[in-house]
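# Fold and geometry: a report
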Amino acid sequence: MHGSYHWNGERALSILTIPLCGAALFAGPIPLVDFGLGLVLPLHTHLGFDTMVQDYVPQRTFGILNTILTWGLRIVTGAVMYGLFMFNTTDVGITAFVKRLWTGKL
């Protein structure tokens, strides 16, 4: 995703984050909200880091290093999304974990 599509995608994910965090804060642990956070947060972070790689390690200058970093980022993002999916489905979920962490009742 490049150009204005990349920028629009980042903004859309940023806008989606606001109601998801608000719902998690005010409504408490809801599986659908946890699922949304498990998708939106890693994707938003991925787009930010991808922009950083493209800006500071450009393909035309660094070649193979850019490719390694880009694919490394894709693999890590996929692993994080899988980990959050497993955390949401087999454990307490993101919202309940943050609530426990905030209150100190782990």
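Residues numbered from 1 in each chain as written. Predicted model: local features only at pLDDT ≥ 70, side-chain atom pairs only at ≥ 80, totals over all residues. Heavy atoms only, no water.

Right, let's get into the overall build of the protein. When its secondary structure is counted, the protein shows 5 helices and 0 strands. Listing the helices and strands of the protein from first to last along the sequence gives α-α-α-α-α. For the protein, the spread of C-alpha atoms along the principal axes amounts to about 50 × 25 × 20 Å. Across the 106 residues of the protein, 29% fall into the buried class. In the protein, the proportion of contacts linking residues at least 24 apart, taken out of those at least 6 apart, comes to 58%. Looking at charge distribution, the protein has the averaged site of its 6 positive side-chain charges lying 6 Å from that of its 5 negative ones. (Helix = DSSP H or I, 4+ residues; strand = E, 2+ residues; numbered from the N terminus. Buried < 20%, exposed > 50% of the residue type's maximum accessible area, 1.4 Å probe, protein only. Contact = heavy atoms within 4.5 Å. Lys, Arg positive; Asp, Glu negative; His and termini not counted. Charge placed at Lys NZ, Arg CZ, Asp CG, Glu CD.)

Moving on, we come to the environment of Gly-28. With respect to the helices and strands, Gly-28 occurs in the loop between α1 (4–27) and α2 (31–56). Among the residues examined, Gly-28 registers a relative accessible area of 15% and is labelled buried. Along the backbone, Gly-28 and Val-92 are 64 residues apart, and their C-alpha atoms lie at a distance of 12 Å. Leave out the neighbours within four places in its chain, and Gly-28 touches Ala-23 and Thr-95.

So, about the nonpolar core. Among the nonpolar cores identified, the biggest contains 8 residues, and these are Leu-13, Leu-20, Ala-24, Val-33, Leu-37, Val-40, Leu-47 and Ile-94. Contributing elements (two or more residues each) for this core: α1 and α2. At 4 residues, α2 tops the list of elements feeding residues into this core. Apart from residues lying up to four places away in sequence, Ile-94 is in contact with Asp-34, Leu-37, Gly-38, Leu-84, Phe-87 and Asn-88. (Core = buried A, V, L, I, M, F, W, Y, C linked by side-chain atoms within 4.5 Å.)

Moving on, we get to the pattern of salt bridges. Enumeration according to the criterion identifies 1 salt bridge in this entry. Across the salt bridge formed by Glu-10 and Arg-11, the nearest N and O atoms sit 3.6 Å from each other. (Salt bridge = Lys/Arg side-chain N within 4 Å of Asp/Glu carboxyl O.)

Bringing α2 into the picture now. Relative to the 38 Å expected for 26 residues at 1.5 Å per residue, α2 spans 38 Å between its end C-alpha atoms, a close match to the ideal helical length. Listing the buried residues of α2 in full gives Val-33, Asp-34, Gly-36, Leu-37, Gly-38, Val-40, Pro-42, His-46, Leu-47, Asp-50 and Val-53. On its buried face, α2 sits against α1, α4 (64–90) and α5 (94–103). (Expected span 1.5 Å × (residues − 1).)

Another point: the side chain of Thr-17. Mapped onto the elements of the fold, Thr-17 is located in helix α1. Looking at Thr-17, the relative accessible area reads 16%, which means it is buried. If we skip the residues at most four places from it in the chain, Thr-17 touches Val-40 and Leu-41.

A full pass over the atoms with the stated rule returns 1 aromatic pair. Their ring planes at 90° and their centres at 5.6 Å tell us that Phe-87 and Phe-97 sit as a pair that is edge-to-face. Here the residue Phe-87 occupies a position in helix α4, and Phe-97 occupies one in helix α5, the gap between them amounting to 10 residues. For Phe-87, a relative accessible area of 22% translates into the label partly exposed. Its guanidinium or amino end placed over the ring of Trp-71, Arg-74 lies 4.5 Å from that ring's centre, counting from NZ or CZ. (Phe/Tyr/Trp six-rings, centres within 6.5 Å; stacked < 30°, edge-to-face > 60°. Lys NZ or Arg CZ within 6 Å of the ring centre and 35° of its normal.)

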